[in-house]
Amino acid sequence: MSDRTNSAGMSGEEMVALSKRYTLFDWQAQQNANPIPVERAEGVYFWSPDGKRYLDFNSQLMGVNIGHGDRRVVEAISRQAAQLPYISPFMTTEVRARLGQKLAEILPGDIEKVFFTLGGAEANENAIRMARAVTGRHKIVARYRSYHGATGGAITLTGDPRRWPNEPGLSGVVHVLDPYHDPFKEPDDAATALAYLDETIRLEGPNTIAAFILEPVTGTNGILVPPDGYLQGVRELCDRYGILLIADEVMAGFGRTGEWFAVNHWNVVPDIMTIAKGLTSSYVPLGAVAMRPHVAEHFESNAYYGGLTYNSHPLALAAALATIGVYEEDGLIENARKMGDVMRRHHGELMERHPSVGASRNIGLFGILELIRDRTTLEPMAPFNGASDEMKAIDRYLLDHGVYTMVRWWTVMTNPPLCIDEQQLADGFAVIDEALTVADASVKG
Ligand SMILES: Cc1ncc(COP(=O)(O)O)c(C=O)c1O
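K.L.:
When you look at the environment of Val-95 in this model, what are you seeing that I'm missing?
P.N.:
Along the chain, the position of Val-95 falls in helix H4 (residues 94-106). Taking the C-alpha atoms as reference points, Val-95 and Gly-242, separated by 147 residues in sequence, lie 35 Å from one another. When residues no more than four places from it in sequence are discounted, the contact partners of Val-95 are Gln-80, Pro-314, Leu-317, Ala-318 and Leu-321.

Right, dumping it as structure tokens:
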């Protein structure tokens, strides 16, 4: 998919060599880091310096929701940079006033106050500290199949194996199962999952629990869509026991699921919501803790003992305000819903054609394929927290053929920018279709 030659500047090889020598890559031994050098990006594509084009089928880290390089956002950032790039959070700015007001308009229910952070993990750190301050309780319930960020508290909340090397972490975090259990076991229905949650809460002592944090639709742990009734039931349990419900919408928010926020699918309003990624379409780092009036009320007469040098950073806020404008102007939430139906058709066709595809799910443009190596036992194509030759070969094939996505354990993610069109979706799925034949050869049964 080469359609452009490099004009000038550093070669991809040089970028990789110098970056590897002088900077640290995350989540991997440095000797294994194999970054794609990138020179520019636009819409659903990015290009390496040698002109190779990649279709971005994961919106980078499920965050570039409006697509790459949108001039409206770039220009808003540059106007803000020219006018006032930074001011202390103890002062205030027009962009802070306008973005606060705009968020109150689009956030679910009566949520109307936000505290700005630099990203998702920091939003979750502050959310749990606020929940503890408001309730006077200390425990936080979180789920095993979750990722909440990589700072000290957020990585303790995280249920997946990224937590293990970071233990011991924050005290008072209790993990619970969610309704999904790997491809080889049927998910629990809402009633079963809620009964288990209720029992855990009672055994832990309801009046010791400040908050239950969950991803309403789980992201990296498998695009897990809750069974109908689950989120409503969680809301009821939290109300019954005076526990604050924190919805981590860092990945699921801002149109990814075909609604502004994932909780909107079930008409549930959390007490606290954390957002990041799609808030600025990842153009500038920004997150926020958003809260309902009864949470905000506590901080009217009690100080919030937290703060950040870059709280309400004008460049980030300008990016967010312009990004929200793009979602609205281009109808991207609606497009995510429409293209989500197209994605479901592609997933269905792949399921029919490839014995290696054991399951597929999507809600809006939040999608995943689960690969299996045995049609009888439904054994996954790679182990939990592991890799396999087949999954590596799929990853390689996709990149070689100009499609970038996240290949994790036994799953292939399909999370393109929300501005994608039908043809671009078809192009991506055509390459995935070819890549899956690699995996089919290993399937038994
Ligand atoms: C659900 C969820 N919460 C929190 C985070 C952490 O956000 P950040 O990497 O901006 O700190 C992520 C990142 O992937 C996420 O997916």
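K.L.:
Got a minute to help me understand the environment of Asp-160 in this structure?
P.N.:
Within the element layout of this structure, Asp-160 appears in the loop between helix H6 (152-157) and strand S6 (173-176). Distance in space between the C-alpha atoms of Asp-160 and Ile-128 is 19 Å, their sequence separation being 32 residues. Aside from chain neighbours lying at most four places away, what touches Asp-160 is Tyr-144, Ser-146, Tyr-147, Asn-221 and Arg-408. A distance of 3.1 Å separates polar atoms of two side chains, one belonging to Asp-160 and the other to Arg-408.

K.L.:
Would you mind going over the packing of helix H7 (residues 190-204) against helix H8 (residues 230-241) with me for this structure?
P.N.:
Angle between the axes and distance between the axes: these two values describe a pair of packed helices. Between H7 and H8, the least distance of the axes is 9 Å, while the angle of their chain directions is 20°. In this view, H7 runs roughly parallel relative to H8, as classed from their interaxial angle. The chirality of how H7 crosses H8 is right-handed. Every residue of H8 that contacts H7 at Ala-190, Ala-193, Leu-194, Leu-197, Asp-198, Ile-201 and Arg-202 is listed here: Tyr-230, Gly-233, Val-234, Leu-237, Arg-240 and Tyr-241. Among the residues forming the contact of H7 with H8, the class breakdown is 9 nonpolar, 1 polar and 3 charged.

K.L.:
Any chance you could explain helix H5 (residues 120-135) here in plain terms?
P.N.:
The α-helix winds at 3.6 residues per turn, so residues separated by three or four positions along the chain end up facing the same way. Here H5 is 16 residues long and its end C-alpha atoms lie 22 Å apart, about the 22 Å a rise of 1.5 Å per residue gives. Of the positions making up H5, those classed as buried are Gly-120, Ala-121, Ala-123, Asn-124, Glu-125, Asn-126, Ala-127, Ile-128, Met-130 and Ala-131. Phi for Gly-136, located one or two positions after H5, is positive at around 70°.

K.L.:
Can you help me understand the site of the ligand in this one?
P.N.:
Neighbouring residues of the ligand: Gly-119, Gly-120, Ala-121, Asn-124, Tyr-147, His-148, Gly-149, Glu-215, Asp-248, Val-250, Met-251 and Lys-277. A distance of 2.8 Å is found between an oxygen atom of the ligand and a backbone nitrogen or oxygen belonging to Gly-120. Within the contact set of the ligand, a nitrogen atom lies 2.7 Å away from a side-chain nitrogen or oxygen of Asp-248. Here the ligand, which alone exposes 390 Å², has 80% of that area covered by the protein. The dominant element in the shell around the ligand, judged by the number of residues it contributes, is H5, at 3 residues. Taken together, the residues that form the shell around the ligand break down as 4 nonpolar, 5 polar and 3 charged.

Cut-offs applied
Residues numbered from 1 in each chain as written. Predicted model: local features only at pLDDT ≥ 70, side-chain atom pairs only at ≥ 80, totals over all residues. Heavy atoms only, no water. Helix = DSSP H or I, 4+ residues; strand = E, 2+ residues; numbered from the N terminus. Contact = heavy atoms within 4.5 Å. Polar contact = N/O pair within 3.5 Å; in protein donor to acceptor, adjacent residues only side chain to side chain. Axes fitted to C-alpha atoms, helices over the stretch in contact; angles between N-to-C directions. Parallel < 35°, antiparallel > 145°, perpendicular 65-115°, else oblique. Left-handed = near helix turned anticlockwise from the far one by under 90°. Nonpolar A, V, L, I, M, F, W, Y, C, P; charged D, E, K, R; others polar. Expected span 1.5 Å × (residues − 1). Buried < 20%, exposed > 50% of the residue type's maximum accessible area, 1.4 Å probe, protein only. Near = heavy atom within 4 Å. Areas by Shrake-Rupley, 256 points an atom, 1.4 Å probe, with all protein chains shown as cover.

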